[in-house]
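Chain by chain, the residues:
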Amino acid sequence: MRIAVPNKGRLHDPSMELLEHAGLHVVDGADRKLYATTVDPDVTLLFARAADIPEYVSDGAADIGITGLDQMREADPGNVVDLLDLGYGQCRLVLASPEDGDIHDVADLAGKTVATEFPNIAKQYFAETDVEPEIVEVSGATELTPHVDMADAIIDITSTGTTLKVNRLGIIDEVLSSSVRLFARDDVADDDKVEQVVMALQSVISAEGKRYLMMNAPEDKLDEIRDVMPGLGGPTVMDIAGNGKVAVHTVVDERDVFETINEVKQLGASGILVTEIERLVD
Ligand SMILES: Nc1ncnc2c1ncn2[C@@H]1O[C@H](COP(=O)(O)OP(=O)(O)OP(=O)(O)O)[C@@H](O)[C@H]1O
Ligand SMILES: O=P(O)(O)OC[C@H]1O[C@H](OP(=O)(O)OP(=O)(O)O)[C@H](O)[C@@H]1O
Ligand SMILES: [Mg+2]
């Protein structure tokens, strides 16, 4: 089974990190290499441009792809399914125009020009309105085009908003909210191997922001301790031979750790340990 992974740019490192944490260690990766084998002999990685990954998966060069939802919507292959939100690469595709210009609404774009790296998404978006501006396809630096009379507005990616701001562009409308997803071709989406990869990646995502909490607690305070531990299906409780204490283990949200420790300490808990969790399989 082949997984297509962004070869460079902002999506490469987080994608590799996620695969590593999920246990799919690369065994023969090298800089600039376009494929790599993993510890699982059935799983190979292919490195491709984020924008080309939908086509790789659709055509069968790869079975699974990691790329932005925006890229998948733009390619719109029809035989590819979205299996999992990987939680990074969050951005928005927006319609924007010069702040000091006379385009303030979608309707103002009748007979005008819109520049974008996403012509198909743009066409679909305008098909839902009554305005049909001319779409000009560019391959980067889209924010420049309204200032050099190439376009009256743009449809482009924004995340922090800095690029729009420094180029004095204001958002008119949101076209798409995107994040990086795990996609598979529909004919392999139910295969065991694909399901194993989904589960492994999901387990890393589920563990993010969670901590494992261990402590010794007085047995007679167990009910009260249970009440303050949100836990995943309640804490695990183990007897410690003969001293009226029990070992209590549980998973808590990282943001609840401070309060939980204070509460269990008040109830007589001791030897409290907090550790990170690498993976959490439900
Ligand atoms: N500023 C951003 N913030 C968050 N996600 C982004 C941002 N820009 C792009 N993305 C996401 O990353 C994907 C890949 O972006 P892009 O193809 O521009 O690659 P890149 O990482 O910028 O590298 P390069 O442009 O050099 O190839 C986009 O399709 C989008 O899903
Ligand atoms: O809202 P912001 O945080 O400013 O991010 C938005 C910018 O990020 C992306 O560009 P990128 O840095 O990938 O450069 P590129 O045009 O070379 O792809 C995107 O095309 C925007 O220009
Ligand atoms: Mg980019």
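The structure displayed is predicted, hence computed values, not measured ones.

Cut-offs used in this document
Residues numbered from 1 in each chain as written. Chains lettered and ligands numbered in written order. Predicted model: local features only at pLDDT ≥ 70, side-chain atom pairs only at ≥ 80, totals over all residues. Helix = DSSP H or I, 4+ residues; strand = E, 2+ residues; numbered from the N terminus. Buried ≥ 20, exposed ≤ 12 C-beta atoms within 10 Å, placed from the backbone. Near = placed C-beta within 6 Å. Nonpolar A, V, L, I, M, F, W, Y, C, P; charged D, E, K, R; others polar. Domains from an automatic or database assignment. Pairing = 2+ DSSP bridges. Axes fitted to C-alpha atoms, helices over the stretch in contact; angles between N-to-C directions. Contact = placed C-beta atoms within 7 Å. Arc of directions from axis to C-beta. Core = buried A, V, L, I, M, F, W, Y, C linked by C-beta atoms within 7 Å.

Visitor: For this particular structure, what's the right way to read unusual backbone geometry?
Guide: Most peptide bonds take the trans form, and the phi angle of most residues other than glycine is negative. Of note, aspartate 149 is a non-glycine position whose phi angle comes to about 60°, a positive value. Positionally, aspartate 149 belongs in the loop between β8 (134–137) and β9 (153–158). Judged by the 8 C-beta atoms lying within 10 Å of it, aspartate 149 falls in the exposed class. At arginine 168, a position not held by glycine, the phi torsion is positive, near 50°. Tracing the chain through its elements places arginine 168 in the loop between α5 (162–166) and β10 (169–178). Note on arginine 168: 13 C-beta atoms within 10 Å, which makes it partly exposed.

Visitor: Would you mind going over the site of ligand 1 with me for this structure?
Guide: Ligand 1 sits among 14 residues. The nearest are Gly9, Arg10, Gly68, Cys91 and Ser159. Tallied by class, residues from the shell around ligand 1 come to 5 nonpolar, 7 polar and 2 charged. Each of two domains, domain 1 (2–89 + 179–206) and domain 2 (91–178), supplies a minimum of three residues to the shell around ligand 1.

Visitor: What is the right way to read the sheet that holds strand β4 (residues 64–68) from this model?
Guide: In any sheet, the strands associate via hydrogen bonds between backbone groups, in a parallel or an antiparallel arrangement. The mixed open sheet is built from 6 strands, whose spatial order is β2-β3-β1-β4-β11-β5. The open sheet is flanked by β2 (35–37) and β5 (80–85), the only strands paired with a single partner. Here the average twist between neighbouring strands, direction ignored, is 30°. Alignment of β2 against strand β3 (residues 44–48), held across 3 bridges, turns out to be antiparallel. The partner of tyrosine 35 across the bridge, within β3, is leucine 46.

Visitor: What am I meant to see in the environment of isoleucine 121 here?
Guide: In this fold, isoleucine 121 is placed in helix α4 (residues 119–127). Taking the C-alpha atoms as reference, isoleucine 121 lies 9.1 Å from aspartate 76; in sequence the two are 45 residues apart. Discounting residues that sit within four places of it in the chain, isoleucine 121 has contacts with Arg73, Glu74, Leu93, Ile155, Val175 and Leu176.

Visitor: What is the right way to read α4 from this model?
Guide: Within an α-helix, residues lying three or four positions from one another point in the same direction, as the helix has 3.6 residues per turn. Within the sequence span of α4, burial applies to Ile121, Ala122 and Tyr125. The arc enclosing the buried residues of α4, seen along the axis, measures out at 100°, which places them on a common side. Lining the buried residues of α4 we find α3 (69–75), β6 (91–98), β7 (113–116), β8, β9 and β10.

Visitor: Explain the site of ligand 2 to me, please; I cannot follow it from the model alone.
Guide: Around ligand 2, the neighbouring residues are Gly140, Ala141, Glu143, Asp156, Ile157, Thr158, Ser159, Thr160, Gly161, Thr162 and Thr163. Contributions of two or more residues to the shell around ligand 2 are made by β9 and α5. In terms of residue class, the shell around ligand 2 is built from 2 nonpolar, 7 polar and 2 charged.

Visitor: Can you help me understand the nonpolar core in this one?
Guide: The tendency in soluble globular proteins is for nonpolar side chains to be buried as a group. Among the nonpolar cores identified, the biggest contains 32 residues, and Ile3, Ala4, Leu46, Val57 and Ile64 are the most heavily contacted of them. Taken together, the elements giving at least two residues each to this core come down to β1 (2–6), α1 (12–21), β3, α2 (53–59), β4, α3, β11 (180–185) and α6 (192–207). Grouped together as the second largest cluster of nonpolar side chains are 19 residues, Leu109, Phe118, Ala151 and Ala153 included.

Visitor: Is there a simple way to explain the sheet that holds strand β15 (residues 270–276) in this structure?
Guide: Judged by pairing direction, the sheet is antiparallel, and its 4 strands sit side by side in the order β13-β14-β12-β15 without closing on themselves. In this open sheet, the two edge strands, each paired with only one partner strand, are β13 (236–239) and β15. The sheet shows a mean angle of 15° between the axes of neighbouring strands, direction not considered. As defined by bridge partners, β13 adjoins strand β14 (residues 245–253) across 4 bridges and the pair is classed as antiparallel. Its bridge partner lying in β14, threonine 236 is registered against histidine 249. Along the sheet, helix α8 (residues 257–266) makes contact with β12 (210–218), β14 and β15, crossing β12 at roughly 5°.

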